[in-house]
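Coordinates in review
What follows is each chain in one-letter form.
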Amino acid sequence: RPSSKSDFSSPIGSPKTKDPSISSFQFNDATSGYNQTFLRGHNNNISQIEMSNNETLMASTENCLNGSLILWNILEGKRLCTLQCHTNSIITIAFSPDCSMMATAGYDIHKRLQIIVWDIQ
């Protein structure tokens, strides 16, 4: 709960909202000047995150067996898409140097390793 010296603000929504379409909110501390953005979208514990080289995109995965990944626009605090890339867990994520592609490695339903390359332009 914010103190009187802090301010919750967001172009997307209030931190108290339960609306699943709201993907982020910001907490701005007027005393320290520190701003923090909270991204919503996963239902399980986060297993890993990877930031793109240009620091505009971030990919995050859940600690679960459905192999889901969320691609975020960090500058806007928005979820771009949710990918069901592997039928089992994702073990690593990587962005290309120019941020035009992303690769995921994970396991399929038969526990075979898969590598999927995504065009994210």
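This text gives an overview of the structure that appears in the document. (Residues numbered from 1 in each chain as written. Predicted model: local features only at pLDDT ≥ 70, side-chain atom pairs only at ≥ 80, totals over all residues. Heavy atoms only, no water.)

With respect to a nonpolar patch on the surface
On the surface, a nonpolar cluster with roughly 310 Å² of combined accessible area is contributed by M101, I115 and V117. Under the relative-accessibility criterion, M101 is labelled partly exposed at 39%. (Patch = residues over 30% accessible without salt bridge, like charges linked within 9 Å, V, L, I, M, F, W, Y side chains within 5 Å. Areas by Shrake-Rupley, 256 points an atom, 1.4 Å probe, with all protein chains shown as cover. Salt bridge = Lys/Arg side-chain N within 4 Å of Asp/Glu carboxyl O. Buried < 20%, exposed > 50% of the residue type's maximum accessible area, 1.4 Å probe, protein only.)

Regarding the pairing of strand β9 (residues 101-107)
Looking down a regular strand, the side chains alternate between one sheet face and the other. Looking at chain direction, strand β8 (residues 90-95) and β9 are connected through 5 bridges and run antiparallel. Bridge pairing links F95 to M102 in β9. Hairpin connection, β8 to β9: the antiparallel pair is bridged by 5 residues, and C99 has positive phi, about 65°. Two strands pair when backbone bridges link them, and β9 and strand β10 (residues 113-119) are joined in this way by 7 bridges, in the antiparallel orientation. Paired with M102 across the strands is W118, a residue of β10. Counting the residues that bridge the hairpin from β9 to β10 gives 5 residues, and of these K111 lies at a positive phi of roughly 65°. (Pairing = 2+ DSSP bridges. Helix = DSSP H or I, 4+ residues; strand = E, 2+ residues; numbered from the N terminus.)

What to know about the nonpolar core
L57, A59, L69, L71, L83, C85, I90, I93, F95, M102 and I120 form the largest nonpolar core, which has 11 residues in total. Mapped onto this core, the elements with two or more residues apiece are β5 (57-62), β6 (68-73) and β8. If you tally residues by element for this core, the top one is β8, at 3 residues. Excluding residues that lie within four positions of it along the chain, I93 makes contacts with Q48, E50, A59, T61, L69, M102 and A103. (Core = buried A, V, L, I, M, F, W, Y, C linked by side-chain atoms within 4.5 Å. Contact = heavy atoms within 4.5 Å.)

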